[in-house]
There are 4 protein chains.
Amino acid sequence: MNPSALSTRDAQLPAAYSDRLEVLSLAPLWTALHALLPPERQTRVVPHRWRWSDLRAPLLEAARLVPIEQAERRVLVLCNPGLPGNFSATATLYAGLQIILPGEAAPSHHHTAAALRLIVEGEGAYTTVDGVKCAMEPGDFIITPPMRWHDHGHEGREPVIWLDGLDIPLVRSVEANWASAMKPASPPATETDSSQDEFTAAGLVPRQSRYEETGYPQVRWPWRTARAALAAMAATAPRRAPVVLRHVNPRTGEYPLRTMGSEARWLRPGEETRAERRTASEVVHVIEGQGESRVGDQTLDWQAGDVFVVPPWHWTTHRNRSGQAPACLFHLNDEPALRSLGLWQMEVRGAAEGEPSDCKNEVRK
Amino acid sequence: MNPSALSTRDAQLPAAYSDRLEVLSLAPLWTALHALLPPERQTRVVPHRWRWSDLRAPLLEAARLVPIEQAERRVLVLCNPGLPGNFSATATLYAGLQIILPGEAAPSHHHTAAALRLIVEGEGAYTTVDGVKCAMEPGDFIITPPMRWHDHGHEGREPVIWLDGLDIPLVRSVEANWASAMKPASPPATETDSSQDEFTAAGLVPRQSRYEETGYPQVRWPWRTARAALAAMAATAPRRAPVVLRHVNPRTGEYPLRTMGSEARWLRPGEETRAERRTASEVVHVIEGQGESRVGDQTLDWQAGDVFVVPPWHWTTHRNRSGQAPACLFHLNDEPALRSLGLWQMEVRGAAEGEPSDCKNEVRK
Amino acid sequence: MNPSALSTRDAQLPAAYSDRLEVLSLAPLWTALHALLPPERQTRVVPHRWRWSDLRAPLLEAARLVPIEQAERRVLVLCNPGLPGNFSATATLYAGLQIILPGEAAPSHHHTAAALRLIVEGEGAYTTVDGVKCAMEPGDFIITPPMRWHDHGHEGREPVIWLDGLDIPLVRSVEANWASAMKPASPPATETDSSQDEFTAAGLVPRQSRYEETGYPQVRWPWRTARAALAAMAATAPRRAPVVLRHVNPRTGEYPLRTMGSEARWLRPGEETRAERRTASEVVHVIEGQGESRVGDQTLDWQAGDVFVVPPWHWTTHRNRSGQAPACLFHLNDEPALRSLGLWQMEVRGAAEGEPSDCKNEVRK
Amino acid sequence: MNPSALSTRDAQLPAAYSDRLEVLSLAPLWTALHALLPPERQTRVVPHRWRWSDLRAPLLEAARLVPIEQAERRVLVLCNPGLPGNFSATATLYAGLQIILPGEAAPSHHHTAAALRLIVEGEGAYTTVDGVKCAMEPGDFIITPPMRWHDHGHEGREPVIWLDGLDIPLVRSVEANWASAMKPASPPATETDSSQDEFTAAGLVPRQSRYEETGYPQVRWPWRTARAALAAMAATAPRRAPVVLRHVNPRTGEYPLRTMGSEARWLRPGEETRAERRTASEVVHVIEGQGESRVGDQTLDWQAGDVFVVPPWHWTTHRNRSGQAPACLFHLNDEPALRSLGLWQMEVRGAAEGEPSDCKNEVRK
C-alpha cells in the first residue's frame, strides 16, 4: 500500500459534513477515486543495479564487524531507492546478500514467508531444510518453503556468499507474516537433497520416494545441471528463440513455491532479447558474463555477481555484450502470486499481428 | 506494507560503514530482523463497527451535495481507524456504501481490481456487466470480475444503497492496479443475468450456455434464493452445526473471484458460534436480525444494515441476541487470496483432540 | 472386446512357421491389422427402443413370479440385440428396469461398478446409500457411487419401477469387476439426502457439511427441481439453443460419477434438434411427452416411459411431435469415461465454418 | 467383455414368459447376477512369459518372409493364452515385437489407440511423430500419442527390434477404435525430439518451447539417461526401498498418456521385492539382467529380452538372481486408465498395521 496517506476530505463539501464523516471513519470516494483506480499502471519501484564490486567488500566487513550469534542472519539487504525504509527490492520481493564464514552456523528458524537462495561465491556451506542437507556451490538454486525449519552451516575454508530472495513484502501486505523464535540447536542433517538421487532426469519421478512427502520434492537445482541444460537448449534452438528454463516442481510442473518464480536465462554471444513488459516485478542476478539491460528508460550494464531490479510494467531487453562467451542470468519474480491472483499480464513489443502477446508453452495455473 | 519506515541503521556499527551502506542502497538485516519476521502475527487493522443508523443520513446527504456526473461513483468509504488515509477496511479489502438516485447512471469503467456488491436498501437499480443486466434487490449479491465493463443505473423510485467490496488494497500492494477512463455511453444491456434462467438449481449446469463464456458463469446470487437455502439447511442441521453457505462458481465449485470470498450465515435464535481465528480478514454486513460479535477483546453489537471488520487472527464469535428470529450475516473475506498464496490458516477454539482445526468439506484450492 | 475371435494365421506363410508361432503364443499382426485398427469407426450396438407399454406388464408379472429374497434385485435387463448374451445396452452401459413392491426390501450390497437410477413410476420407495435415505419420486435421479453399501426399500402402497444404469460392461472390460456378498441386515437409514437441505440452490455450497465427506456430496436430483430449472432455461433461451442440463457434483462442477454422465433435455413443442454424433453411447429414457428420434438410418418413435439406445458415432436428432406440450428426455452416457481416456469426440452437422464442432461451455475433464 | 455369452433364461420361469422376454430383448437379471457382479475379482488373463531366445529367430524369419510394403507393420503379436483370438496381452493391453530392416520404411498412419515402444535390439532406426524424429537406441522408451501421424525408418546396418505396446483392447472395448488409411509418403522429419535439447534435467522446463504445443512435450526417454537416474537412486536409497522411476510428462507430472503408464525398475543384486497386487494389468520387459518373478501361483524365470504378463489382482514379487549385477525391468500397465475410471486399487502384503497399502508419493489423478 502506498504509504503516503490519501486525502480523505473534499474541499467543496461543507466543513461540518466533512467533520461528521471523519468522526464516523468515513471518507468520500470521489476525492481519491483516481488515486485508488489510476488511469495508468503505477509503481514506486525504480530500476536499480547493485554492482558486485561494490557489494563484496562491505559483506566481508560485515563478517568482521558482526558475530553471527548476534546477527542470526548476517545479511546486507538490497533496498530499492523507491521504497525507503522498506527493506524491499520490489513491492513484493525482498533480496539480500548473506555471508557466512567457515565454522559458523546460522541458527534454525521458520516463518510464513517463503525463501530461496542463489549461491554467488565460495564452497563448503550448506542449508539444512527439515533435516535435509543441501550443498551450496556457486550458481546453485535452493528453496526454503514456508514454515519449514532451516539453518545454514559452513564446513569449508573461505567465506560463502549467497543471494537471499523472500516474499516478505508481499506477506506483510496481507498481514500474514510470522516467524518462530530461533532454535539454538538444530536437528542434525540426516539426508542429502533429492536432486542428487531421486530427481536427476527429465520426465522421471520415483514411484515411491525415500523422502518425506512435503509437497516440495525438489529443493535444490544444482547449477552444474542447469547450465548443461541451458547449453543443450541453446545448441539447437532457432536463432531468435529465447533460451530460458523455469524451475518447476518435477511432480506437478508447477512453480516450486506459490508466490515466487524463478528462471535461468542463457544469452548467446551478442544476443539481444525482444522487449517485453510484465505485471510481475523481478530481481535479476548475473551468474556469468557481462552485458546490459534496458529497463524502462534506463540502461543498466552488468557483469557477474551484479544484481538489478526490473519494476512492474517496464519495457525490458537484455543484451550480452560479449561476442564470444554466453551470459547467464538468474531471474527471481512474483509471477506465481500475480497469476494466482488473476493479475498476470505480459506484452511483447513487435509481436506480430494475431500472435498472442503471452508466450506459448507457459506454465499455467 | 507497513508505512512506518523501519530503521536501516545499526547504532553499533561504525558510522562510516553505515554511511557507505546507505550510499549503496544497502541496509543491515539484523537491525530489522524481528520487525520483518516478527515473533507474533501482527495487524494494524482494528475491529470496528459502522452503524447503519449512522450511515444512512450522510449517504442521503451525499446524494444531495454531489451530482453523480461529478462523483462518477457516489460512495462513502469505510475507513478502518487503524489504517488512516488508506481508504481501506482491512489490509487487503476496500468497503464502501454507494448510493444512486432514480434516473441516475454511474458511467461504465473497468479495472484490474475485482468488485462485488451486497444490496442494502431500495429497489429498481441494476448493475450491467458487459451487457448483462443484474437486477438489484435487497440482500442480492453481485460480482463484477476484473477488467469487465460495468455501470450502474436506476429505474425505480427511491434511493438505492449497496455495499461495495473491492480488493483495491491488495491489488495496490502488488502494484497491479489500473483502471480505464470512464466511458460516457454504456452499451445497452441486452440480457438478464444467468441466475434467472441457467443457474437455478444445485448440481445442474447447462451443457451449452446461451451466455458468452467468460469464466464467470454466475454473477448474481438473489437473496430470495440464498435465504431459502439457508433456511432449508438450518431446518435439519444438527443443533451445533454452523449454517454457512459459500458462494461458488457452479461450473467449478471454486470461489467466483480469485481474491475475495463470501459467505452467507444463518444464526438460529439465541445461537452463539464457536470461537475461530483465521489468517484472513473480513468485512461483515448484517442482512437481517440483531446480535453481537466478540472480535479479539472487543464486543460489537449490531443490527440490520450495520457493517463491521474482523482483523486477521482475532478470535471471533457471533451471537444472535433474538430468541425468536434468525439473524443473517454476509461475510466478505480475502480467503481465496490467502489460500492461493499458501498463507491460509484457521483455528477453532475447543476443537476436540484429533479434530482438524480446519473445517471438513471446505473448498480447497 | 469383439467376441468373434480374429484369425491368427496367415495362409501365405509356410505352415511350419505358422505352427511354430502358434506354439509360442504369437500371431502375425498383418493378418489382423485392419480388424484391429479399422478404417471406419465400428460398433456392434444397434439402435433399439423398448416401449413402456411392452415393459410394464412383464415387470408386474416378474413381481408375482419371483420373490425378492430369491432375486435379490428384481430386474429385467434391456439387452441390446447387437450384443446377445451380454446383458448390455451398449458396449459400456448396462440398463435394466427394477420393480419393488410395498414392504419389500432389496438387501444391501456394494460393488466396484457405479450405479444410478431414474424413477419411472410409483411413490414410497427409497434407496439407502451408506445410511443416507433417498426418497424416490417419479423423474428423480439418484446415484450410487462405487463401493458404497446400498439397499432399496418400499414404504408406499403401489409397485415402484425405476430404470437402473450401471457401467458393468465397462468395468468387466477392464477386469475390475467385483461385488460384496449380500448383507441381510442393512444399517438403518439415519439421514435424508443432501438435496433436501444442503444443496438446494445454484452456486451455494455449505462451508461445513453435516454429511460425511465421501466425494459425492449430492446423490439425488429431485425431478421437481430439475424440471423447474429446465422450464426456466427454456423460457428465455434463444429459439434454436438446446435446453439441456447436465448433472454435476456441486462442489467441483465435474460429473458426479467418473464413468457415466447424465443430462436432462427439454424439447419445446415441435422442436427438432440439430444432428450430432458422438463417440459416447447413450441410453435415453422418456420422462414425459412424445416424439421421435432419428438414430443413424432408423427412426424410433417414443412416448413417456420408453427407453432407447444411441450407439456410438451415429448421427442423431430428437423431435417433439407435440405442438403444445414439452417433452423431457433423460440421457445416460459413457461420456466421462471416454473423456478421461482421451477418446471423446463430437460433431455437429451443419456447424458453420470455423465453429467448433464441440459445444462451448462444456464440462471439461 | 467376456465373450462366452451368459444365459438369459431362468429355467424356473414359465416358458411362455421367458419367450416373451426374449422377443422383447429383455433378460431376467437374477439368472446372471453373480456372473455380472461376481463375489471374487476375475480375470481370463494368465501369467505368461515369452523368451527372447524363442522370439528372435521367428522375427528374423518374418523379415525374410514378409515384405514391409505388404505387412505395413511387421509385428509378431504376443497373444495371451487366456485370450485366444484376441491379439491381446491382457484385457486392455496389446503387445508385439516389431522388426525393421536397414533401408525399410513403415508408412505413416494414425489412430485413436495410443502407442509406445521400448527398443530391444539394434541401432539406426527411428520413429517420426508429426515430423519430429526420435532416434531408437536399445532401452529407449518412445511414445506415440493418439491421432498423431507416425512412421518408422531405418538408416542403420542391422535389423532393429522393438516392443510395441498399445491400448487397442481397451479402445475396442469402448468402441472408439479407428485408424486412418496409410499415407505412402511421410512428411520429412524436420526436428529431433525434445529429450535432446529442452528436457534434459529434472525440474527445469522451457519457458517458451521451440516445439509445437501438443500436450506431449516429451516423447522419448533415452535409456542412457534413465539408467543413470536409476543407478543414482539405487546408490543412496535405503536397503528395502524399491527403486522404481515412473515416466511422466515433465510439464504436468502426470502420465504421458491417458491410458497406459510405464515404469523402469532397478533390482539390486539379490533383491526380492515385496509382494503386491494391483487392479492394473502389466506387460513386463527385461532390459537387462536375469531373475524370476512370482505371479500368482506361477514362477516365471527371465533374462534380458524376455517379456511376461502380470494379470490383474495377482500377488507378484520380482527377484534378481544375480548376486553381482543389477537387473532392470520395463513395466507397461493400464494404471492411468484404471485410476481415471476410479477403479485403481493396490495392496502390499505385509504392510504394517496402519500403513496405507498404496505407496506414498504416488502420482495422483
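Bear in mind that the values here come from a model prediction, so they are computed numbers and not experimental data. (Residues numbered from 1 in each chain as written. Chains lettered and ligands numbered in written order. Predicted model: local features only at pLDDT ≥ 70, side-chain atom pairs only at ≥ 80, totals over all residues. Heavy atoms only, no water.)

Visitor: What should I look at first to understand helix α1 (residues 15-23) of chain A in this one?
Guide: Among all positions in α1(A), only Tyr17(A), Ser18(A) and Leu21(A) are buried. Looking straight down α1(A), one finds its buried side chains confined to an arc of 100°; they lie on one side. In α1(A), the exposed positions that point more than 90 degrees away from the buried face belong to Ala16(A) and Val23(A). Looking at the buried residues of α1(A), the elements they touch are β1 (26-28) of chain A together with α3 (52-65) and β3 (75-78) of chain B. (Buried < 20%, exposed > 50% of the residue type's maximum accessible area, 1.4 Å probe, protein only. Helix = DSSP H or I, 4+ residues; strand = E, 2+ residues; numbered from the N terminus. Arc of directions from axis to C-beta. Contact = heavy atoms within 4.5 Å.)

Visitor: Got a minute to help me understand the packing of aromatic side chains in this structure?
Guide: For any two aromatic rings, the description comes down to two numbers: the centre-to-centre distance and the angle of the planes. Taken as a whole, this structure holds 8 aromatic pairs over all chains when the rule is applied. Between the aromatic rings of Phe141(B) and Phe330(B), the centroid separation amounts to 5.4 Å while the plane-to-plane angle is 45°, which identifies the pairing as tilted. With Phe141(B) in strand β9 (residues 141-144) and Phe330(B) in strand β23 (residues 327-333), this pair connects stretches of sequence that are 189 residues apart. For Phe141(B), a relative accessible area of 3% corresponds to the buried category. With relative accessibility at 2%, the residue Phe330(B) sits in the buried group. Counting every residue linked through ring pairs, the aromatic cluster contains Phe141(A), Trp221(A) and Phe330(A). A cation sits over an aromatic face here: Arg349(A) above Trp315(A), 4.3 Å from the ring centre. (Phe/Tyr/Trp six-rings, centres within 6.5 Å; stacked < 30°, edge-to-face > 60°. Lys NZ or Arg CZ within 6 Å of the ring centre and 35° of its normal.)

Visitor: Help me understand the relation of the copies chain D and chain A, please; the structure alone is not making it clear to me.
Guide: Once chain D is rotated about the relating axis by 180° and shifted along it by 0.0 Å, it coincides with chain A to within an RMSD of 0.0 Å. Seen this way, the second copy is the image of the first under a two-fold rotation axis. Comparing interface residues between copies, 100% of those in chain D also lie at the interface in chain A; the contact surface is shared. (Least-squares fit on C-alpha atoms with pLDDT ≥ 70 in both.)

Visitor: Would you mind going over the interface of chain D and chain A with me for this structure?
Guide: Interfaces are often sized by the amount of accessible area the parts lose when they come together. With 49 residues of chain D in contact, the opposing surface of chain A contributes 49 residues. Roughly 4,300 Å² is buried in total at the junction of chain D and chain A, and carbon and sulfur atoms are behind 53% of that figure. Linking chain D with chain A are 4 salt bridges, by the criterion used here. Note that Glu263(A) and Arg207(D) form a salt bridge whose closest N and O atoms lie 2.4 Å from each other. Remark: the boundary between chain D and chain A carries 16 residue pairs in polar contact (both at pLDDT 80 or more). (Buried area = accessible area lost by both parts, 1.4 Å probe. Salt bridge = Lys/Arg side-chain N within 4 Å of Asp/Glu carboxyl O. Polar contact = N/O pair within 3.5 Å; in protein donor to acceptor, adjacent residues only side chain to side chain.)

Visitor: Sorry if this is basic, but what is going on with the interface of chain A and chain B here?
Guide: Between chain A and chain B, the residue contacts involve 91 residues of the former and 91 residues of the latter. Summing both partners gives a buried area of about 7,900 Å² for chain A against chain B, and 64% of it is carried by carbon and sulfur. The interface formed by chain A and chain B holds 2 salt bridges in total. The residue Arg20(A) makes a salt bridge to Glu61(B) at a minimum N-O spacing of 3.3 Å. Applying the counting rule to chain A against chain B returns 34 residue pairs in polar contact (both at pLDDT 80 or more).

Visitor: Can you walk me through the packing of helix α1 (residues 15-23) of chain C against helix α3 (residues 52-65) of chain D in this structure?
Guide: Helix packing for two helices is described by the angle between their axes and how far apart those axes are. Contact pair α1(C) / α3(D): the axes reach a minimum separation of 11 Å and the direction vectors enclose 145°. You can see that α1(C) and α3(D) cross each other, and the crossing is left-handed. Side by side, α1(C) and α3(D) meet where Tyr17(C), Arg20(C) and Leu21(C) of the first sit next to Ala57(D), Pro58(D), Glu61(D), Ala62(D) and Leu65(D) of the second. Among the residues forming the contact of α1(C) with α3(D), the class breakdown is 6 nonpolar, no polar and 2 charged. (Axes fitted to C-alpha atoms, helices over the stretch in contact; angles between N-to-C directions. Left-handed = near helix turned anticlockwise from the far one by under 90°. Nonpolar A, V, L, I, M, F, W, Y, C, P; charged D, E, K, R; others polar.)

Visitor: In this structure, what is going on with the sheet that holds strand β10 (residues 150-154) of chain B? I would like to understand it.
Guide: In a beta sheet, neighbouring strands pair by backbone hydrogen bonds and run either parallel or antiparallel. All names here are of chain B. A sheet is described by the order of its strands in space; here 5 strands give the open sequence β5-β10-β7-β8-β12, paired in mixed fashion. Each edge of the open sheet carries a strand with a single partner, namely β5 (105-109) and β12 (191-192). With 2 bridges joining them, strand β8 (residues 132-135) and β12 adopt parallel strand pairing. Counterpart to Lys 133 in the pairing with β12 is Thr 192. (Pairing = 2+ DSSP bridges.)

Visitor: Help me understand the pairing of strand β23 (residues 327-333) of chain A, please; the structure alone is not making it clear to me.
Guide: Two faces make up the sheet, and in a regular strand the side chains alternate between them. Residues and elements named next belong to chain A. Of all 7 residues in β23, 7 are buried, a share of seventy percent or more. Burial of the side chains of β23 extends over both faces: Ala 327, Leu 329, His 331 and Asn 333 are buried on one face and Cys 328, Phe 330 and Leu 332 on the other. Inspection of the sheet shows strand β16 (residues 261-267) paired to β23 by 7 bridges, in the antiparallel sense. Residue pairing for β23: Ala 264 is matched across the bridge by Phe 330. Of the strand pairs in this sheet, strand β18 (residues 282-288) and β23 are connected by 6 bridges, and their pairing is antiparallel. Counted as the bridge partner of Val 283 is Leu 332 from β23.

Visitor: Would you mind showing me how to read the side chain of His247(A) here?
Guide: By secondary structure assignment, the location of His247(A) is in strand β15 (residues 243-247). For His247(A), a relative accessible area of 3% puts it in the buried group. At 2.8 Å, the side chain of His247(A) and the side chain of Ser262(A) are in polar contact. Apart from residues lying up to four places away in sequence, His247(A) is in contact with Phe141(A), Trp221(A), Tyr255(A), Pro256(A), Ser262(A), Glu263(A), Ala264(A), Phe330(A), Gly203(D) and Leu204(D).

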